[in-house]
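Okay, here's what each chain looks like letter by letter:
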Amino acid sequence: MDYSAYGWKAKFSVIVATAIAVTIILSSITENDSILSALRKDVNQSRRLIFFDPKTFVEKKDGMSSVTTAEKLLGNTPVSVFYNVWLSPDDSEKARLGKNIIEEQIEQVAKSGLAKRTHVTLNIVTIGAPVDGSFLTGICGKNHLHCIHVKHYEKGFEMVTQQHLLDYCQVEENQSHTVSYIHTKGSFHSSAWQDKLRRKSMEPVLSDECLSLLDGDTCNACGGAFRIYWGPFYFANFWSAKCEYVKHLVSPNEIETKMQEALDSKPKEMTINKYTKQIPASMGKNRFAAEIFIGTHPRLVPCEPSGIIHPGPPQHRSTQREEPGAAFTPDMAVTGWYYLPGLLWRYYKLYDEMPLPESWVWSFYPEGERWRDAVEQFGYPRAHEYMYNKMLEEKRLEQTISSK
């Protein structure tokens, strides 16, 4: 452009404006580099030992917000492992063995699929004998883990740790995170079998395969041994799950009461003639509430590291094979507490919600598709009444035909 018509003042103004623009651009580039550098530094900081003892974990959520933001910008899903530690308060030999388990498990965490993740936090809840802070600090530091000693309880079951996990997932900024649950299995009943089961149960939960499945849409809970003996659960109680699923679960401290209410109010025709010796475990009594916690919601989509959404054949036969009990009869598909009728009743009483039409339960349990259609047509619990009356009607018809 010819600026001669505007004189030297115009030329000077253009030169000054250009200089200012260049300065702003260079400043912006420098600032962006500083931001990225700070984010990477923040992420690297999270891999170093940061050990403190908050009154409750949720109070410290703001302290993790910047790390979470960094992880999102750098493309990593944050993973928070909740670790239930029990040490015998009155048996020094058990306490010594318990410390060995702690050291072994923390090392296993450090060497697992989590090692590929940038933001991993190990949240430790201790129960029983107090654990020396320097002991935990030393192990976490040696394994380059970001550890938080959430709280110590003199007494308690695994539900206290699971409650911290639930509280974490119900914090808004954590709902896109993944959580893992592990515990010192074998610290109470020590044996070679318990040691083997603990190691084998932890391995898939923290594997790259499970964590990758949870990053996607394949499932919302993953572990090494999904079972449905008396309801959906992960054998040995080691699992990883999406917070967006976990946040909807009832408190583990309320499970026993709610399950008893469901049992007391069940339809009179609903029968409990299978796994009667396992009533405490199946009903979540006392410590067993922690065992069934993760599988209580109708929106559970379980998988194992292989990516299988539910193991075994497409019907319930694996259930009978895996646990001894009364032989299956067709009536159980409509009245059995440990089959789909009882599961739907528990969903109704605990959550007032049914599985989605595409849920795995409809294809896994006998008569599942008929149940699904009845629920969609009549709602629940009217669907139960319909299915029961339909069964009686079909029986009468069969008797009429056979008598001719």
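Coordinates for the structure precede this section.
Residues numbered from 1 in each chain as written. Predicted model: local features only at pLDDT ≥ 70, side-chain atom pairs only at ≥ 80, totals over all residues. Heavy atoms only, no water.

Caption draft 1: Up close: the nonpolar core. Core analysis: the biggest nonpolar cluster contains 60 residues, and Val246, Ile294 and Tyr365 have the highest contact counts within it. Looking at which element gives the most residues to this core, the answer is helix H14 (residues 340-351), with 7 residues. Ranked by size, the runner-up nonpolar core spans 29 residues in total, among them Leu87, Ile124, Ile139 and Cys147. (Core = buried A, V, L, I, M, F, W, Y, C linked by side-chain atoms within 4.5 Å. Buried < 20%, exposed > 50% of the residue type's maximum accessible area, 1.4 Å probe, protein only. Helix = DSSP H or I, 4+ residues; strand = E, 2+ residues; numbered from the N terminus.)

Caption draft 2: Layout of the sheet that holds strand S9 (residues 302-303). Across the sheet, which stays open at both edges, the 7 strands sit in the order S3-S2-S1-S4-S8-S5-S9 with mixed pairing between neighbours. Every interior strand has two partners, whereas the edge strands, strand S3 (146-153) and S9, have only one. Bridge count for strand S4 (residues 178-183) against strand S8 (residues 239-242) is 4 bridges, and the pairing is antiparallel. When the bridges of S8 are listed, Val179 appears paired with Ala241. Here helix H6 (residues 192-205) sits on the sheet and contacts S4, strand S5 (221-222) and S8; the angle it forms with S4, its principal contact strand, is near 175 degrees. (Pairing = 2+ DSSP bridges. Contact = heavy atoms within 4.5 Å. Axes fitted to C-alpha atoms, helices over the stretch in contact; angles between N-to-C directions.)

Caption draft 3: Focus on the environment of Lys247. Counting through the fold element by element, Lys247 comes out in the loop between helix H8 (243-246) and helix H9 (255-264). Along the primary structure Lys247 and Gln170 are separated by 77 residues, whereas in three dimensions their C-alpha atoms are 5.0 Å apart. If sequence neighbours within four positions are ignored, Lys247 has contacts with Leu166, Cys169, Gln170 and Gln175. In this structure the side chain of Lys247 is engaged in a polar contact, spanning 2.8 Å, whose partner is the side chain of Gln175. (Polar contact = N/O pair within 3.5 Å; in protein donor to acceptor, adjacent residues only side chain to side chain.)

Caption draft 4: Region of interest: the pairing of strand S2 (residues 120-128). Within S2, 9 of the 9 residues are buried, which leaves the element mostly enclosed by the surrounding structure. Here 9 bridges tie strand S1 (residues 79-87) to S2, and the two strands are oriented parallel to one another. Across the sheet, Val85 pairs through a bridge with Thr126, a residue of S2. Considered for its hand, the β-α-β crossover made up of S1, helix H3 (residues 92-110) and S2 is right-handed. In terms of strand pairing, S2 meets S3 through 7 bridges, oriented parallel. (Right-handed = clockwise from strand over helix to strand, strands pointing away.)

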